[in-house]
Each structure stands twice: as structure tokens, then as C-alpha cells.
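For reference, the chains in residue letters:
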Amino acid sequence: MPTVTVTRRVRFNAAHRVHNPALPDDENARLFGKCNNPNWHGHNYTLDVSVEGPMDPKTGYVFDLAKLKAVVQKEITDIVDHRNFNLDVPFMKDVIPTTENIVVAFWKLLAPKVAPAALKRLVLWETENNYVEYDGR
Ligand code: NI
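Residues numbered from 1 in each chain as written. Predicted model: local features only at pLDDT ≥ 70, side-chain atom pairs only at ≥ 80, totals over all residues. Heavy atoms only, no water.

Draft legend 1. Geometry of the coordination of the nickel ion. In the first shell of the nickel ion, the protein supplies His-16 (NE2), His-41 (NE2) and His-43 (NE2), at 2.0 to 2.1 Å from the metal. Of note, the donors binding the nickel ion are all from one chain and are spaced H-x24-H-x1-H. With His-16 in strand β1 (residues 3–16) and His-41 in strand β2 (residues 41–54), this residue pair connects regions lying 25 residues apart in the sequence. Using a relative accessible area of 0% as the deciding quantity, one classes His-16 as buried. (Donors = N, O, S within 2.8 Å, 3.2 Å for Na, K, Ca; no water. Helix = DSSP H or I, 4+ residues; strand = E, 2+ residues; numbered from the N terminus. Buried < 20%, exposed > 50% of the residue type's maximum accessible area, 1.4 Å probe, protein only.)

So this is what it looks like as C-alpha cells:
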């Protein structure tokens with residue numbers, strides 16, 4: 001059967017402060033600029049979750065997108081939507097909430113949940129101009 005990649009897009013919003021507690025305040029301000037604002041700031045995030053696998057000859061699906069929607073909702077959006085990454089999200093505890101760190105944390109949560117397909121790529125947009133992508137390496 002052909003191997004095909006399917007993608008589900010989800011949106012959520014969340015607050016954060018990009019801050020390294022091991023560094024002095026002035027260095028944090030210099031490194032992270034506005035993103036270091038002590039009283040938080042928010043983003044409207046977009047996450048594209050791509051899974052790859054052989055098509056099931058019975059259904060013609062790689063992975064039922066309704067099921068993928070439910071997995072991403074349970075593992076990610078139910079936990080992060082309308083929350084603060086620094087304060088409210090257990091899997092981001094003690095992690096600087098850059099988009100890079102967030103996408104790696106998402107990968108660890110989602111990768112075991114999409115069998116028998118394989119998680120192929122996550123693309124996380126923090127703004128309409130900035131995104132990161134991760135393939136698990
Ligand atoms: Ni930010």
C-alpha cells in the first residue's frame with residue numbers, strides 16, 4: 001500500500017514568559033527582549049500534526065483524522081489552551097517555554113499515541129510569521 005502523510009491542524013492560545021531563572025534579570029532582558037516581560041504575554045498558536053503510514057486497504061485511511069483530532073485534544077489542547085505555559089502546564093515545568101521547547105514536549109506526548117502510524121512532523125506557529133518544526137531527532 002502507498003505510504004501517505006496526513007495532517008491535522010489545531011489552534012490554541014496560551015500565555016508564557018521566556019525566561020531562564022539561572023540567569024540574571026538583565027541578561028534575560030537582553031536575550032529575550034519583550035518575550036521576557038515579567039507579567040506574561042500571549043500567543044495564538046497553530047499546531048500541525050502530521051502522521052505517516054501505509055494506507056489501510058479496508059478504510060483507505062492512514063489514520064482516522066477524527067481519532068487524531070481526539071488524541072491531540074486530549075494530549076495537548078485540553079492541557080495548554082487558555083493556560084500559562086510557565087505556571088499551568090505540568091509537562092513544561094522547569095522548561096523555558098520557547099516554541100522550540102514546546103514542540104519537543106508535544107512530540108514526546110503525541111509520538112506514542114499515533115500507532116500504528118508514525119508521527120512524522122510537528123509544525124508549531126507562534127505568530128503568523130514565526131514557526132518551528134520538529135521531526136523527533
Ligand atoms: Ni512569546
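The discussion continues.
Draft legend 2. A look at the packing of helix α2 (residues 65–80) against helix α3 (residues 99–110). Orientation of α2 relative to α3, taken along the N-to-C sense of each, is 140 degrees, at an axis distance of 10 Å. Considered as vectors, α2 and α3 are oriented oblique to each other. In this structure, the crossing between α2 and α3 has a hand that is right-handed. For the pair α2 and α3, contact is made by Val-71, Val-72, Glu-75, Ile-76 and Val-80 and by Phe-106, Leu-109 and Leu-110, respectively. In terms of residue class, the contact of α2 with α3 is built from 7 nonpolar, no polar and 1 charged. (Axes fitted to C-alpha atoms, helices over the stretch in contact; angles between N-to-C directions. Parallel < 35°, antiparallel > 145°, perpendicular 65-115°, else oblique. Left-handed = near helix turned anticlockwise from the far one by under 90°. Contact = heavy atoms within 4.5 Å. Nonpolar A, V, L, I, M, F, W, Y, C, P; charged D, E, K, R; others polar.)

Draft legend 3. The sheet that holds strand β5 (residues 131–134), seen in detail. The 5 strands lie next to each other as β3-β1-β2-β4-β5, forming an open sheet whose pairing is mixed. The sheet terminates laterally at β3 (83–84) and β5, the two strands that pair on one side only. Strand direction decides the pairing type here: β2 and strand β4 (residues 118–125), joined by 7 bridges, are antiparallel. The residue of β4 that forms the bridge with Val-49 is Leu-122. With respect to the sheet, α2 is in contact with β1, β2 and β3, its orientation differing from that of β1 by roughly 20 degrees. Where α3 meets the sheet, it contacts β1, β2, β4 and β5, and its direction lies at approximately 150 degrees from that of β4. (Pairing = 2+ DSSP bridges.)

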